[in-house]
Amino acid sequence: MRRLLGARPQWSLVLFDLGALAFAIFFAFSLRLGWPIKHVYLDFLQNYIVPFIVLKLAIFYFFGLYRRFWRYASIHELRILIQAGITSSLAVLAFSYGMGTLPIPRSVLVVDGLVTLFLVGGVRLTGRALREFNRQTVASVEAKRVLIAGAGDAGEMLAREMQRSPDLGYLPVGFVDDDRRKLGMWVHGIKVQGAISDLPDLIEAYDTAEVIIAMPSTDRRVKAGIVRTCKQAHVPCRTLPGVYELIDGRVSLSSIREVRIEDVLGRDPVKVDIEDIRTRIRGAAVMVTGAGGSIGSALCRQVGHFEPSLLIIVDIAENSLYHIEQELLESGLGPVIAVVANVKDTAKMNEIFQAYGPQFVFHAAAYKHVPLIEMNPKAALTNNFIGTVELAKAAAQNGVAKFVLISTDKAVSPENFMGLSKALAEQAVLTFTGEKTDFIIVRFGNVLASSGSVVPTFQRQIAAGGPVTVTHPEMRRYLMTITESVQLVLQATVFGENSDVFLLDMGEPIAIVDLAKKLINLSGFSEDKIKIKFIGKRPGEKLDEELMGAGERLLESPHSKIFKLAGTAVLGPDDSRRIIEEMENALKRDRLDICLTWAERLVPGVAELGSAGLSSAGLTTSLHIEKPELKNESRQQ
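As the structure is a prediction and not an experimental result, all values here were calculated from the model. (Residues numbered from 1 in each chain as written. Predicted model: local features only at pLDDT ≥ 70, side-chain atom pairs only at ≥ 80, totals over all residues. Heavy atoms only, no water.)

## Remarks on the pattern of salt bridges
1) Next: Enumeration according to the criterion identifies 21 salt bridges in this entry.
2) Next: When the shortest N-O distance is used, the salt bridge between Glu584 and Lys393 registers 3.9 Å. With Glu584 in helix H19 (residues 573-588) and Lys393 in helix H14 (residues 377-397), this pair connects stretches of sequence that are 191 residues apart.
3) Next: For Lys393, a relative accessible area of 31% corresponds to the partly exposed category.
4) Next: A salt bridge links Asp574 to Arg577, with the shortest nitrogen-to-oxygen separation between them at 2.8 Å. With a gap of three residues between them, Asp574 and Arg577 both fall in helix H19, about one helical turn apart.
5) Next: One continuous salt-bridge network, built from bridges that share partners, spans Lys410, Arg477, Lys542 and Glu545. (Salt bridge = Lys/Arg side-chain N within 4 Å of Asp/Glu carboxyl O. Helix = DSSP H or I, 4+ residues; strand = E, 2+ residues; numbered from the N terminus. Buried < 20%, exposed > 50% of the residue type's maximum accessible area, 1.4 Å probe, protein only.)

Structure follows, in structure tokens:
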């Protein structure tokens, strides 16, 4: 019964309300009709005051006025107080007329309602007011003085949480915002002190210890300007994450993080229609290969939030797979099936498809470290190329709806075995034309903060005191965040069709040395303190990456920042399948030289790559053999 009724009522408030309600109605009658109250109304009150009070208390209870922690009262609680007061006055009026009693003057009900609200609400909100006063007094003495950049929704919620949680040690002393309508206005007792351009003066005037950027969707150039200002003033600067990093849609103080390099890359992040993707994924079985890697694990987390009927995570690395499985289960993002398997194992892949029936397959499993792969070319071709072929075959045979291959810009005019293996994987996927399966390719740039990428390496070197090692002063890369890469893959499932190749608009390529300088500065150091050391290109590295190959052209897609590529397929499906079979046979016989000769047909210009690669790997098998001929060779348009 207690569970049905709710929490135990606060009897001290009930007793106070008894007295308050009695006083309110007597005061209302005396104010309206004079004192002493006429006998006719006095008799009326003596007969009906108890039923009136009981009726009002019952209504207060119904509205939950005795089951709330009033020390945390907000606008919501004030609204409930007003609703309860109005309802109780109307109930008394209805009771009076319904019982055929003496009509009550309407002005009496109005005065009674106002006095009741003043007394009943006042005693409840006084505790909140005293708590706020005490909290502000303590905070003003001990807390870190903070300026909040952005007086919008995110800034308002951040300021409110700072005020509610003084133990966190923050005292907001003002907002800055470029919206002229907000200048001079007050939010939770905190003034909008000026525009963002006023930050240098305001930091000094208010003895600011930190600036927090609360503008999740603002232009990155604005954030970059704030970061520079804070750096010049020697004041730490932190930021709230963007909306796509806040899965539950709430801003909280715990969401504040250090400014990351993604915040100042010079372009806005690409956003997609999350709800459209959720509608496509919800209730479907989804399989992710390479689930323990940076991209694979990020895919698993995002897909898990879209409520699939089953998430099948596959990886050959047991430890990585175990960690992402446990993370998903602990986060309630199940059901999850973890399978330790190699994508080259055709029998195992078919077993997975037949047992769990995935409708979507995201193929992220791949070797990706260029210098290491240069010394192990066969491993790259076997895993990245042949593994993709075998997985795609199994997907087609088992009627998967969408198969999405994660590729790379290194597949364009490849100068290393990693790029060659992915270029061959692209060509292989384009040969599949399953009746039930759409085979789709997404081509990435360099993914910031992924395992083994340049940003974690730089961060580790900075933490160790330097130097930060950059291979070449002219090296440039197209960069994208993990969030963008995951969203590109998921968006492909919405409007991707068979043989589509998608590419993200990543803006202009970024010089890696500039990236290193920004990261040093954002870490609070100067380039005099943390040195940059150029170590020369490593085996297989290119100074510049390309996004499109010869013969490829950009087409528009339904998303303004995602493009389709046309002209990626080099040969027709039949010829490509024949070459792929020959390459598989050559690799099984350890004839990498023959494999590369066939590869020339699918990825023109790889002969020199093959010679250099075999030599660097300590292999001496000659590549000078007669090129095999194909009948009816044709280019697919």
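There's plenty left to go through after this.
## Some words on the nonpolar core
1) Next: Judged by nonpolar contacts, the single largest core of 74 residues is most densely connected at Met349 and Phe362.
2) Next: With seven residues, helix H17 (residues 482-495) is the single largest residue contributor to this core.
3) Next: Membership of the second largest hydrophobic core comes to 29 residues, among which are Val370, Ala411, Ala423 and Val603. (Core = buried A, V, L, I, M, F, W, Y, C linked by side-chain atoms within 4.5 Å.)

## A few points about the state of the cysteines
1) Next: According to the stated counting rule, one finds zero disulfides in the structure shown.
2) Next: Cys237 supplies the cysteine sulfur nearest to Cys230, a cysteine that is in no disulfide, at a spacing of 4.1 Å.
3) Next: A residue is classified by how much of its surface remains accessible, and Cys230, at 1% relative accessible area, is buried. (Disulfide = S-S within 2.5 Å.)

## A look at the packing of helix H12 (residues 346-356) against H14
1) Next: Direction vectors running N to C along H12 and H14 enclose 35°, while the axes themselves pass 9 Å from each other. The handedness of the crossing between H12 and H14 is right-handed. Contact with H12, carried on its side by Thr346, Met349, Asn350 and Phe353, involves Glu390, Leu391, Ala394, Ala395 and Gln397 of H14 and no other residues of that element.
2) Next: Taken together, the residues that form the contact of H12 with H14 break down as five nonpolar, three polar and one charged. (Axes fitted to C-alpha atoms, helices over the stretch in contact; angles between N-to-C directions. Left-handed = near helix turned anticlockwise from the far one by under 90°. Contact = heavy atoms within 4.5 Å. Nonpolar A, V, L, I, M, F, W, Y, C, P; charged D, E, K, R; others polar.)

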